[in-house]
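Structure assessment
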Amino acid sequence: ASTYLNYIKIPILFRYNTNNSKTVFFSLFLGPQFDILSSATMKINGQTANTVGTNLKASDVYNKSGFDGVLGLGLGINLSKNFVLTGHLRFYYGFGDAENKGATYTGGGDFYSSKRGTTNNATGGGLISLNYKLVKKEKEVKKK
């Protein structure tokens, strides 16, 4: 059995860069992130699980929102005056329980066992991008 959860993630991150005018520079991201569950799908042997006869949808057994901590590390390479190649790795860890332990079937049966522990979301990802910097041209000073 597998469960597929889709979230809208809203990060509020502090970013620190080393001197980005050098050829190579590093960056650090750190901060909170708010998650909103947009959809959930349960599959058994590759087929969507049938919930006919119950009052539950797959999204009912997961909490609708969550709070994460985010840590990211990055590397930038100035290829020219205007082009920068960057790579970032980010890791997210959910501080709250991803599952709705209070979910019950029609008739009062609990979806999750009362002995089941906390389930936290943890995800990671990477990004490689080519960026274009808008650089303000400096005015030439004429000497007399």
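Now for a description of the structure that goes with this document. Computed from a predicted structure; not experimentally measured.

The rules behind these values
- Residues numbered from 1 in each chain as written.
- Predicted model: local features only at pLDDT ≥ 70, side-chain atom pairs only at ≥ 80, totals over all residues.
- Heavy atoms only, no water.
- Helix = DSSP H or I, 4+ residues; strand = E, 2+ residues; numbered from the N terminus.
- Rg over C-alpha atoms; globule rule 2.2 N^0.38 Å.
- Buried < 20%, exposed > 50% of the residue type's maximum accessible area, 1.4 Å probe, protein only.
- Contact = heavy atoms within 4.5 Å.
- Areas by Shrake-Rupley, 256 points an atom, 1.4 Å probe, with all protein chains shown as cover.
- Salt bridge = Lys/Arg side-chain N within 4 Å of Asp/Glu carboxyl O.
- Pairing = 2+ DSSP bridges.
- Phe/Tyr/Trp six-rings, centres within 6.5 Å; stacked < 30°, edge-to-face > 60°.
- Patch = residues over 30% accessible without salt bridge, like charges linked within 9 Å, V, L, I, M, F, W, Y side chains within 5 Å.
- Polar contact = N/O pair within 3.5 Å; in protein donor to acceptor, adjacent residues only side chain to side chain.
- Core = buried A, V, L, I, M, F, W, Y, C linked by side-chain atoms within 4.5 Å.

Before going further, it helps to examine the overall build of the protein. Along the protein, the regular secondary structure elements total 0 helices and 7 strands. Traced from its N-terminal end to its C-terminal end, the protein shows the element sequence β-β-β-β-β-β-β. In terms of C-alpha radius of gyration, the protein reaches 23 Å, well past the compact-globule figure of 15 Å for 144 residues. Expressed along its principal axes, the backbone C-alpha trace of the protein runs to roughly 90 × 25 × 25 Å. Put simply, the protein has 144 residues, and 22% of those count as buried. Long-range contacts, defined here as pairs at least 24 residues apart, represent 68% of the contacts in the protein between residues at least 6 apart. Total accessible area on the protein stands at roughly 10,500 Å², and carbon and sulfur atoms take up 58% of it.

This part takes up the pattern of salt bridges. Tallying each qualifying case throughout the model produces 6 salt bridges. Between Lys64 and Asp60 there is a salt bridge, with the nearest N and O atoms lying 3.9 Å from each other. Ionic pairing is found between Glu99 and Arg116, a salt bridge with its closest N-O pair at 2.7 Å. Within this pair, whereas Glu99 is found in the loop between strand S6 (83-94) and strand S7 (122-132), its partner Arg116 is found in the loop between S6 and S7, the two being separated by 17 residues in sequence. Here the salt bridges share partners, and the residues they tie into one network are Asp97, Glu99, Lys101 and Arg116.

Sheet topology note: the strand S2 (residues 14-17)/strand S3 (residues 24-44) ladder contains 4 bridges and is antiparallel. Its bridge partner lying in S3, Arg15 is registered against Phe29. Taking the residues that link successive antiparallel strands as the turn, the S2-S3 hairpin has 6 residues.

We now examine the packing of aromatic side chains. Aromatic ring pairs are defined here through the distance separating the ring centres and the angle between the ring planes. What the rule picks out here adds up to 4 aromatic pairs. Seen from their ring centres, Phe34 and Phe67 are 5.5 Å apart, and the 50° between their planes marks the pair as tilted. Residue Phe34 is located in strand S3, and its partner Phe67 is located in strand S5 (residues 65-78); the two are separated by 33 residues in the primary sequence. For Phe67, a relative accessible area of 39% gives the class partly exposed.

The grouping of Ile8, Ile10, Ile12, Phe34, Ile36, Phe67, Phe91, Tyr93 and Phe95 at the surface amounts to a nonpolar patch, some 850 Å² of accessible area in total. Every element with two or more residues in the nonpolar patch is listed here: strand S1 (2-11), S3 and S6. With respect to the helices and strands, Ile12 occurs in the loop between S1 and S2.

We now examine the side chain of Gln33. Following the sequence through the fold, Gln33 ends up in strand S3. Side chain to side chain, Gln33 and Asp35 meet in a polar contact 3.4 Å long. Those residues within four positions of Gln33 in sequence are excluded, and the remaining contacts are Lys9, Ile10, Pro11, Gly66, Phe67, Asp68, Val70 and Tyr92.

Moving on, we get to the side chain of Asp68. By the secondary structure assignment, Asp68 is in strand S5. Residue Asp68 is classed as buried on the basis of its relative accessible area of 3%. Setting aside residues no more than four positions away along its own chain, Asp68 makes contact with Lys9, Gly31, Pro32, Gln33, Asp35, Tyr92, Tyr93, Gly94 and Phe95.

Moving on to the nonpolar core. Membership of the largest hydrophobic core is limited to 11 residues, which are Tyr7, Leu37, Ala40, Met42, Leu56, Ala58, Val61, Tyr62, Ala98, Ala103 and Tyr112. In terms of residues, this core owes the most to one element, S3, which gives 3 residues.

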